[in-house]
Amino acid sequence: MSTLEIPAAKPVAAETLFLHPDRFFDPDPAVRKVARTLYEGTRDLPIVAPHGHVDPRLLAENEPFPEPTALLIVPDHYIFRMLYSRGIPLESLGIPARDGTKVECDPRRIWQLFADHYYLFRGTPTGVWLDHELYHVFGVRRKLAGDSAQAVYDEIAEKLASPEFRPRALFERFNIEVLTTTDAASDTLEHHRAIRDSGWRGRVIPTFRPDAVFRIAAPAWREEIAKLARVHGASITDYAGFIRALEERRAFFRSMGGVATDHAVLEPRTERLPDDVAERLFARAREGAATAGDQARFEAHMLMEMARMSCEDGMVMQLHPGALRDHNARVFERFGMDKGADIPVATEYTRNLRPLLNAYGNDPRLTLILFTLDESTYARELAPLAGHYPALRLGPPWWFHDSIEGMKRFRERTTETAGIYNTAGFNDDTRAFCSIPARHDLSRRVDANWLAGLVARHVIGLDDAREMAHALAYGLVRETYRLDGAR
């Protein structure tokens, strides 16, 4: 058989949803055979999800999902950003508005609109994930389209009413070993406590994300500081008190099983400020007079402080730079944050991170996981940095690059310099609970195919490829996030 020939798929009716068992593998039979072998070795490994945005209330309350639209469409900005780009108003998709705008409340009408435009997701990772969810999670065997919309809706709705589709039952069925949420520094973690107190053995742990109290020029900053003070149990009137509050909160998160912190910034700038300068910036913020420039310096300083604290308490530090948030002012004003309008910008790491890495990058107590939305930095900056500093690990392709081709580009551009063992495995970074197994399955398939290509070209042997596939799917994430020693 020519290496360019694609074997004929099993004949199926046009309206049938069929997922080929060799999907995403190379058409070259030599590569495809090895990819299939490697994937079989990782397919059923437990899922470790060390960074994501699932609401812990879901698993604390364990109530039935209300209906298909509320589960699959409204929480997923990957879906509605694509629909919005084609002129479909967010109001018609039932996205809650904060300005009093009337939105569609009939879930069947929303589902019909979604199904009428399902073709927009062809060839996208969202389409891949959704097909996996429909087929493997809900057992749907007909393609979603305008004429099948209501029948598919009824099929999913009927299943959601059964005990087997409650959140905890799905958690266990998905074979999730660890699920990590992302929580504000001021979060009481009441839902995490409820999960613990319930006696259920699912491991759901928090991540400490203090971004809101670092943004000293933001209009809501003083309100965020007040929230922090309430859970801290003492007023926060100066910079020293602020640092004490953060240290106390980190200790609380650790007591609830937390192993990591997370930080989102536009630029990964780091700078150690003298304490008196940090105090002046904090005082200016308390007066409501902090500028954007003040905030940039304060955030840069606080990243240094977070690295220092991580060296002391062992929490893994994650850094997610390069997203210009809420680019669409009209959408932000009407619907608020996280509505699909965050856009990547070019990001520089080498100079920006030098102060932090010179201070802490050689310290074996620190693990710093770097993410990027700027693929041009893979080979030029990130792989050389991770291939040198003991503290650094590279996070997986993130957000817009969490895709078949995005994962391939990441491996091709970072491995020769950093290897795979300076990467952090996979995380799904999702709010869409039912998409978790789909995202991990795609990653395992793409990695199996990439490794199979190396085997076919005799770069590595099959036994090495098996070990590497296991590491990428499971071992590296447990090691990087120090999950073996935390409970």
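Residues numbered from 1 in each chain as written. Predicted model: local features only at pLDDT ≥ 70, side-chain atom pairs only at ≥ 80, totals over all residues. Heavy atoms only, no water.

Caption draft 1: Examining the overall build of the protein more closely. For the protein, the count of helices and strands is 20 helices and eleven strands. In terms of C-alpha radius of gyration, the protein reaches 23 Å, essentially the compact-globule figure of 23 Å for 487 residues. Burial statistics for the protein: of 487 residues in total, 55% are counted as buried. A fraction of 78% describes how many contacts in the protein between residues 6 or more apart in sequence connect residues 24 or more apart. Counting only carbon and sulfur atoms, one obtains 50% of the accessible surface of the protein, whose full area is about 20,900 Å². For the protein, the separation between the mean place of its 63 positive charges and that of its 70 negative charges on side chains is 0 Å. (Helix = DSSP H or I, 4+ residues; strand = E, 2+ residues; numbered from the N terminus. Rg over C-alpha atoms; globule rule 2.2 N^0.38 Å. Buried < 20%, exposed > 50% of the residue type's maximum accessible area, 1.4 Å probe, protein only. Contact = heavy atoms within 4.5 Å. Areas by Shrake-Rupley, 256 points an atom, 1.4 Å probe, with all protein chains shown as cover. Lys, Arg positive; Asp, Glu negative; His and termini not counted. Charge placed at Lys NZ, Arg CZ, Asp CG, Glu CD.)

Caption draft 2: Fine view of the nonpolar core. Grouped together as the largest cluster of nonpolar side chains are 57 residues, with contacts concentrated most on Phe242, Leu246, Met302, Leu356, Leu366 and Leu368. No other element matches helix H14 (residues 292-313), which puts eight residues into this core. Look past the residues within four positions of Leu356 in its chain and what remains in contact with it is Thr270, Leu303, Met304, Ala307, Met317, Gly361, Leu366 and Leu368. The next biggest cluster of nonpolar side chains, apart from the first, holds 51 residues, and it includes Leu90, Leu134, Val152 and Leu160. (Core = buried A, V, L, I, M, F, W, Y, C linked by side-chain atoms within 4.5 Å.)

Caption draft 3: Examining the pairing of strand E7 (residues 316-321) more closely. Most of E7 is tucked away: six of the six residues are buried. Across the two faces of E7 the burial is the same, with Val316, Gln318 and His320 and Met317, Leu319 and Pro321 all buried. Examined bridge by bridge, strand E6 (residues 260-265) and E7 share six bridges and lie parallel to one another. Residue Ala264 lies in a different strand from E7, and its bridge partner there is His320. Bridge count between E7 and strand E10 (residues 368-370): three bridges; the pairing is parallel. Counted as the bridge partner of Met317 is Leu368 from E10. (Pairing = 2+ DSSP bridges.)

Caption draft 4: Seen up close, the sheet that holds strand E4 (residues 204-205). Taken together, three strands build an open sheet; the order of strands is E1-E2-E4 and the sheet is parallel. A strand with exactly one partner marks an edge of an open sheet, and here the two such strands are strand E1 (47-49) and E4. Pairing between E1 and strand E2 (residues 176-180): three bridges, direction parallel. Along E2, the bridge assignment pairs Ala49 with Leu179.

Caption draft 5: Up close: the packing of aromatic side chains. Scanning all chains against the criterion turns up 22 aromatic pairs. Ring geometry for Tyr239 and Phe298: centres 6.4 Å apart, planes at 80°, overall edge-to-face. Placement of the pair is Tyr239 in helix H12 (residues 239-255) and Phe298 in helix H14, with a sequence separation of 59 residues. This pair shows no difference in class: Tyr239 is buried, exactly as Phe298 is. Ring pairs connect the aromatic residues Phe214, Trp221, Tyr239, Phe242, Phe282 and Phe298, which therefore count as one cluster. Cation over ring: Arg141 sits above Tyr135, and NZ or CZ is 3.5 Å from the ring centre. Its end group placed over the ring of Trp129, Arg439 keeps NZ or CZ at 3.8 Å from the ring centre. (Phe/Tyr/Trp six-rings, centres within 6.5 Å; stacked < 30°, edge-to-face > 60°. Lys NZ or Arg CZ within 6 Å of the ring centre and 35° of its normal.)

Caption draft 6: Just the environment of Thr347, in detail. Its place among the elements puts Thr347 in the loop between strand E9 (343-344) and helix H16 (354-360). Owing to a relative accessible area of 5%, Thr347 belongs among the buried residues under this scheme. If we ignore the near neighbours within four places in the chain, the residues touching Thr347 are Pro268, Pro321, Gly322, Asp374, Thr377 and Glu381. For Thr347, the side chain forms a polar contact with the main-chain oxygen of Val345, separated by 3.1 Å. (Polar contact = N/O pair within 3.5 Å; in protein donor to acceptor, adjacent residues only side chain to side chain.)

Caption draft 7: Seen up close, unusual backbone geometry. One non-glycine residue with positive phi stands out, namely Asn62, at about 55°. Along the chain, Asn62 turns up in the loop between helix H2 (57-61) and helix H3 (68-72).

Caption draft 8: Just the side chain of Asp76, in detail. Here Asp76 lies in the loop between H3 and helix H4 (77-85). No salt bridge is formed by the buried Asp76. Its closest oppositely charged neighbour is Arg439, at 4.5 Å. Excluding residues within four positions of it along the chain, Asp76 makes contact with Ala432 and Arg439. (Salt bridge = Lys/Arg side-chain N within 4 Å of Asp/Glu carboxyl O.)

Caption draft 9: Quick peek at the packing of helix H13 (residues 275-286) against H14. Where H13 contacts H14, the two axes come as close as 10 Å, and the packing angle between them is 130°. If you check the angle between H13 and H14, you find them oblique. Once H13 is placed against H14, the crossing between them reads as left-handed. Contact residues: H13 offers Val277, Ala278, Leu281, Phe282 and Arg284, while H14 offers Asp294, Arg297, Phe298 and His301. Across the contact of H13 with H14, the residue classes tally to five nonpolar, one polar and three charged. (Axes fitted to C-alpha atoms, helices over the stretch in contact; angles between N-to-C directions. Parallel < 35°, antiparallel > 145°, perpendicular 65-115°, else oblique. Left-handed = near helix turned anticlockwise from the far one by under 90°. Nonpolar A, V, L, I, M, F, W, Y, C, P; charged D, E, K, R; others polar.)

Caption draft 10: Representation of the pattern of salt bridges within the structure. What the rule picks out here adds up to 37 salt bridges. Here Glu61 makes a salt bridge to Arg57, at a shortest N to O gap of 3.2 Å. Of the two residues, Glu61 and Arg57 both sit in helix H2, four residues apart, roughly one turn of that helix. Taking the relative accessible area as the measure of exposure, Arg57 reaches 39% and is therefore partly exposed. With a shortest N-O distance of 3.8 Å, Arg215 and Asp211 are connected by a salt bridge. Judged by its relative accessible area of 28%, Arg215 is partly exposed. Salt bridges sharing common partners tie together Glu247, Arg272, Glu305, Arg308 and Glu312.

Caption draft 11: Region of the structure containing the confidence of the model for the protein. Taken as a whole, the protein shows an average pLDDT of 95; of its residues, 97% reach a score of 70 or greater. In the predicted structure, residues 1-14 sits below a pLDDT of 50 and forms eleven contacts with residues beyond four places in sequence or in another chain. (pLDDT = per-residue confidence, 0-100.)

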